[in-house]
Structure formats: structure tokens, C-alpha cells
Amino acid sequence: MRRKLLIAAFVSALVLAAGGAGVAYLMFGRNSPVSEPRRTVMIPPDASFQSILDSLDSAGVLKSRNLFALAARLTGWGDQIKAGHYNYSGDHSNFELLSVLRRGLQSPVRVTIPRGSRAEVIAEMAARNMAFDAETFLQALGDSTLANELGTNVQGMLGYMLPETYFFYWLTDAPTVIRRVKEEAERLVEAELAAAGSELETDVVLSIASIVEWETDVTEEMPTVAGVYLNRLDRNWPLQADPTIQFALLDLEGEKRRLFVNDYSINHPYNTYHYTGLPPGPITNPSASSIRAVVRSEKHNFMFFVAKPGGGHAFNSTLSGHNRDARAYHRYMRDRRAQVQNR
């Protein structure tokens, strides 16, 4: 009898040991491919466990979906998985995979705001890696309530979309992204103003910088261009900035094009040939270099500038000098067009 009891105890111990080893293997054995590169999984809110399992499996995260599913059921963690964006690299156990998912240890995604862009382009780029779509971002950018909360207006919001690369969690909403980007823009402008000892106001900086952004690609002459516009503001002259006409055409026609004489007479609030002072808001989102060009604008007497043959601009303090350079440029462009037509 005693021998039978010993045998039974031994068998029970073996079963328990085997069971424990099985559970240990289930939870701590490797269950993701070692040789695979980083895998990305997006889990939307209110996703069922089955759809989560499908996402993990199709992304190549799991070696065995059945073992993962069993581990999730035994622990109850399958019901605790948080929505979000997750990155996995290397090999992981079911315990590690589930631990990350149930604790919501997400990986941030990259959001890149392009420089000198239209609101629609910014919205498209901002939404590229986020859970919200471009239309949602565009609506938030045009939300007067949000703009008021952020201390600006709808027309001013575009200027605060500082071109930079940011990192957000995938499920971050559009207003939060806009709020963060605006804060970065404010920090940059405030730091530049303080460093330069400038008394310019932020709305002036962003509006002029947005015009400079579209006016020239030559970084070295940006402070000179900014100085011309600030001189015109000081003398209460119309800015007469071609980029504002381009903005008006974008608003009216949906695209940029070559400007014609009649375009300068269009009835639009952003037509700085008709209205003195700043336009109602920035025409684009200026880069840090354009913002610095305004804050550290060149001090000079220039009131005019026109494109030069070969690139860049010619600057003048008198209308006669400006007209001379304008005629030279127009002759150059006329000759170029004639050469193209004669080919």
C-alpha cells in the first residue's frame, strides 16, 4: 500500500512538473520570429481580440497565433489589450508581447510638417501616420473655438504650423497635435525675439516670414527681403507682395500659376496691392530660417526689389532704380520665352 502511495505521489509530481513546464514554455518561450525586422501593429479602439490576433499575425509578430491566444485566455490579458501603435523587434515571449499590449506601452509615430505649404498639404502630411484623417486635421485647423483657446484666430493658425518633425502617439487627436505644434512655434519666435532684443510682435513676425518664405529660396537674401517689407510697414506703404496674390489665387482658383497684370486687381482681402498693412493672416507656414530673417532683418533703406536674371533679387531705394531693374528682368524673360517658342 505504501509503495502504491509513493508511486501515486511520484506520478502526481511528474504531472505537476510537466504542467508547470508547459505553462512556463507557453508564457516565457519565444513566440516571435528572431530574424524578422521591426514589425508594426496598429490596434484601433474597440478592436475585438480576434481582430487583434489577426493584426499581430498578419504583421509577422507571432510564430504561433494559437499559443498566443491560449496565453491570452489563461491570463485574462486578452481582454486588457490597449489600442495604439506598437513596434516589435527581436524575439519575444507571449508574456512580453501581452505585457506591452495590456500596459499600452506604445511606440510614437513620426509627424513631419513641410515648410511653406498650404493648409491642405499640411493636413495630409500630419495625418499620414496618425489615426485621424486629413479632413479631421483641416477642420481642427479651421476651428475658431480651438483658435481662440490658443490665443489666435483661424487666419493666424496656419502661420504657427512650424515645419519640423514631431513625435506623437498614434491615437493623439488632431487638436492636441495642433496645440503642440503651435507651442513649438511660439517658443521659437519668443526665443528669437529675446535673443535679438526685438520688439516685433509675433503676428507681425509670422505674417512677414510667411511672405518671405514664398518670396525667395536664397537664404542669404531673406533678411534683406524682410527688411523691405518692414520698411514698407513703417511708412504705411502697401506691401505689394506677389506671394499674397498667389495666396489669393489659391483661394479663388485652387492652384498657383504665373501672375498676369489683371491678377493684381482681384478683389481679395489678401491682395496687398489694394490694402495697406499686414494681410489677415500668414499665407503659409514659415520655416525657422524665414522667422529668423524677419527677427534679424537687415537694416537698410530699400523699398523695392525685383527678380534678377539668373536668380536672386535686385534691391532699390528709389522707384526709378526699381523700374530700371524691372525692365531688365522683363526683357530677359521675354527673350527666354522667345527662345523656347523658336525651338
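Quick note: structure is the one above.
For clarity, every value in this text was computed on a predicted model and none was experimentally measured. (Residues numbered from 1 in each chain as written. Predicted model: local features only at pLDDT ≥ 70, side-chain atom pairs only at ≥ 80, totals over all residues. Heavy atoms only, no water.)

Quick look at the packing of aromatic side chains
Taken as a whole and judged by the stated rule, the model has 12 aromatic pairs. Following the ring pairs from residue to residue traces out a cluster consisting of Y229, F302, F305 and F315. Positioned above the aromatic ring of F168 is the side chain of R180, whose terminal nitrogen or guanidinium carbon lies 5.0 Å from the ring centre. Sitting over the face of the ring of Y160, K182 holds its NZ or CZ atom 4.3 Å from the ring centroid. (Phe/Tyr/Trp six-rings, centres within 6.5 Å; stacked < 30°, edge-to-face > 60°. Lys NZ or Arg CZ within 6 Å of the ring centre and 35° of its normal.)

Some details on the layout of surface pockets
Taken as a whole, the largest pocket spans an internal volume of roughly 1,200 Å³. If you trace the largest pocket, you find 32 residues lining it, with D242, L259, Y264, V306 and Y329 closest to the centre. Going through the elements one at a time, α10 (202-215), α11 (222-234), α12 (242-253), β5 (304-307) and α14 (319-341) are the ones with two or more residues in the lining of the largest pocket. For the lining of the largest pocket, the leading source of residues is α14, giving 7 residues. (1 Å grid on protein atoms, 1.4 Å probe; cavity = no way out; pocket = protein on both sides within 12 Å on 5 of 7 lines; lining within 4 Å. Points joined across faces, edges and corners; volume = space filled by probe spheres on them. Helix = DSSP H or I, 4+ residues; strand = E, 2+ residues; numbered from the N terminus.)

Let's talk about a positive patch on the surface
There is a patch of like positive charges on the surface, built from R258, R327, R331, R334 and R337. Its location among the elements puts R258 in the loop between α12 and α13 (288-295). (Patch = residues over 30% accessible without salt bridge, like charges linked within 9 Å, V, L, I, M, F, W, Y side chains within 5 Å. Areas by Shrake-Rupley, 256 points an atom, 1.4 Å probe, with all protein chains shown as cover. Salt bridge = Lys/Arg side-chain N within 4 Å of Asp/Glu carboxyl O. Lys, Arg positive; Asp, Glu negative; His and termini not counted. Charge placed at Lys NZ, Arg CZ, Asp CG, Glu CD.)

Some words on a nonpolar patch on the surface
Taken together, the side chains of Y25, L67, L70 and L74 make up a nonpolar region of the molecular surface, amounting to roughly 380 Å² of accessible area. Within the secondary structure, Y25 sits in helix α1 (residues 2-28). A relative accessible area of 53% means that Y25 is categorised as exposed. (Buried < 20%, exposed > 50% of the residue type's maximum accessible area, 1.4 Å probe, protein only.)

Brief notes about the environment of L26
Assignment of secondary structure puts L26 in helix α1. Note on L26: relative accessible area 7%, which makes it buried. Separated by 44 residues in sequence, L26 and L70 have C-alpha atoms that sit 8.2 Å apart. Filtering out sequence-adjacent residues up to four positions away, L26 remains in contact with L67, L70, A71, L74 and N94. (Contact = heavy atoms within 4.5 Å.)

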